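These are the residues of each chain, in order.
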Amino acid sequence: MNVLTENPFIIVDELIKKIKNEANIIVVDFHAEATAEKVAMGNFLDGKANIVFGTHTHVLTADERILPKGTAYITDIGMTGPINSVIGMDIKASLKRFVTTLPEKYKIAEGKCMLTGCIFDINEEDCRIKEIHRINIQ
Ligand SMILES: [Fe+2]
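The model shown is predicted, which means the values in this text are computed figures rather than measured ones.

Rules of the game
Just so you know, the residues in each chain are numbered from 1, in the order the chain's sequence is written. Given that this is a predicted model, residues contribute local features only at a pLDDT of at least 70 and side-chain atom pairs are listed and counted only at 80 or more, while totals for whole chains, interfaces and linings are drawn from all residues. Side-chain figures throughout are based on the complete set of non-hydrogen atoms in the structure, without hydrogens or water. Only nitrogen, oxygen and sulfur atoms within 2.8 Å of the metal, or 3.2 Å for Na, K and Ca, are treated as donors, and water is left out, so sites may look incomplete. Under the scheme used here, helices are H or I runs from DSSP no shorter than 4 residues and strands are E runs no shorter than 2 residues, and both carry numbers assigned from the N terminus. Buried residues are those whose accessible area, probed at 1.4 Å on protein chains only, stays under 20% of the maximum for their type, while exposed residues exceed 50% and partly exposed ones sit between those limits. To get an axis, fit a line to the C-alpha atoms, keeping to the stretch in contact for a helix; angles then go from 0 to 180 degrees between the N-to-C directions. Roughly parallel means an angle under 35 degrees; roughly antiparallel, over 145; roughly perpendicular, 65 to 115; everything else is oblique. Note on convention: near helix rotated counterclockwise from far helix by under a right angle means a left-handed crossing. Clockwise means right-handed. In this description, contact between two residues means that some pair of their heavy atoms is separated by no more than 4.5 Å. Amino acids are sorted into nonpolar (Ala, Val, Leu, Ile, Met, Phe, Trp, Tyr, Cys and Pro), charged (Asp, Glu, Lys and Arg) and polar (every other residue, Gly among them). For two strands to count as paired, DSSP must find a minimum of two bridges between them. Polar contact is defined as a pair of N or O atoms within 3.5 Å, subject to the rule that within protein one atom must be able to donate a hydrogen and the other to accept it, and that residues adjacent in sequence are counted only when both atoms are side-chain atoms.

J.: Hey, could you run me through the coordination of the iron ion in this one?
T.: Around a metal, the perfect tetrahedron of four donors has angles of 109.5 degrees, and the perfect octahedron of six donors has angles of 90 or 180 degrees. Looking at the iron ion, the protein donor atoms are H31 (NE2) and H56 (ND1), and they sit 2.2 Å from it. Taken together, the residues span a long stretch of sequence, with H31 in strand β1 (residues 27-31) and H56 in the loop between β2 (51-55) and β3 (65-66) at a distance of 25 residues. For H31, a relative accessible area of 45% gives the class partly exposed.

In structure tokens:
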């Protein structure tokens, strides 16, 4: 991903301070490449956001948990798209890019699809997360 000009940890802190009195439930989608950055963000927002999940890598991770101060967290919720693919892209086109290092137009793969993600069970009384469940439907 492109290099950022602003620090997302500082920006998200400011944004949550702005909305926390207006929102009952705060959900943060941290679109990032590195696992460590996503785990750090989850812990940074523990107790400030109700749910923090990562996106971008397109692969559902198996580390869902409720952090010590009550924030539901998972590193990546995965993707919805073709199963037989390279994170959604046509396998032949993707392999050509990696093997030859030559540019190749991205082409979306075809065929049977999957849906991955999470279901967050929220207590309606206090908006605390009760449970987090991974889903992987094929
Ligand atoms: Fe992305």
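J.: I keep staring at the packing of helix α1 (residues 8-19) against helix α2 (residues 35-44) and nothing clicks. Help me out?
T.: Packed helices, taken two at a time, are described by the angle between their axes plus the distance between the axes. Relative orientation of the contacting elements α1 and α2 amounts to 30°, with a least axis distance of 11 Å. One way to sum up the angle between α1 and α2 is to call them roughly parallel. Seen from above, α1 lies across α2 with right-handed handedness. The residues of α2 that touch α1, namely those facing P8, F9, V12 and D13, are E37, A40, M41 and F44. The class makeup of the residues in the contact of α1 with α2 is six nonpolar, no polar and two charged.

J.: Sorry, what's going on with the sheet that holds strand β6 (residues 113-122) here?
T.: For sheets, the rule is that strands pair by backbone hydrogen bonds, running either parallel or antiparallel. Taking strand neighbours across the sheet as the criterion, the three strands line up as β5-β6-β7 in an open arrangement whose pairing is antiparallel. The sheet is open, and its two edges are formed by β5 (80-82) and β7 (129-137), each paired on a single side. The average undirected angle you get between the axes of adjacent strands in this sheet is 10°. Relative to β6, β5 runs antiparallel, the two being bridged by three bridges. If you follow T80 over to β6, its bridge partner there is L115.

J.: Honestly, the environment of T57 in this entry has me stumped. Any pointers?
T.: As for its placement among the helices and strands, T57 is situated in the loop between β2 and β3. Put simply, T57 and T80 are 23 residues apart on the chain and 12 Å apart in space, counted from C-alpha to C-alpha. Here the side chain of T57 touches D76 through a polar contact of 2.4 Å, side chain to side chain.

Purely geometric stuff here, so don't read any function into it on its own.
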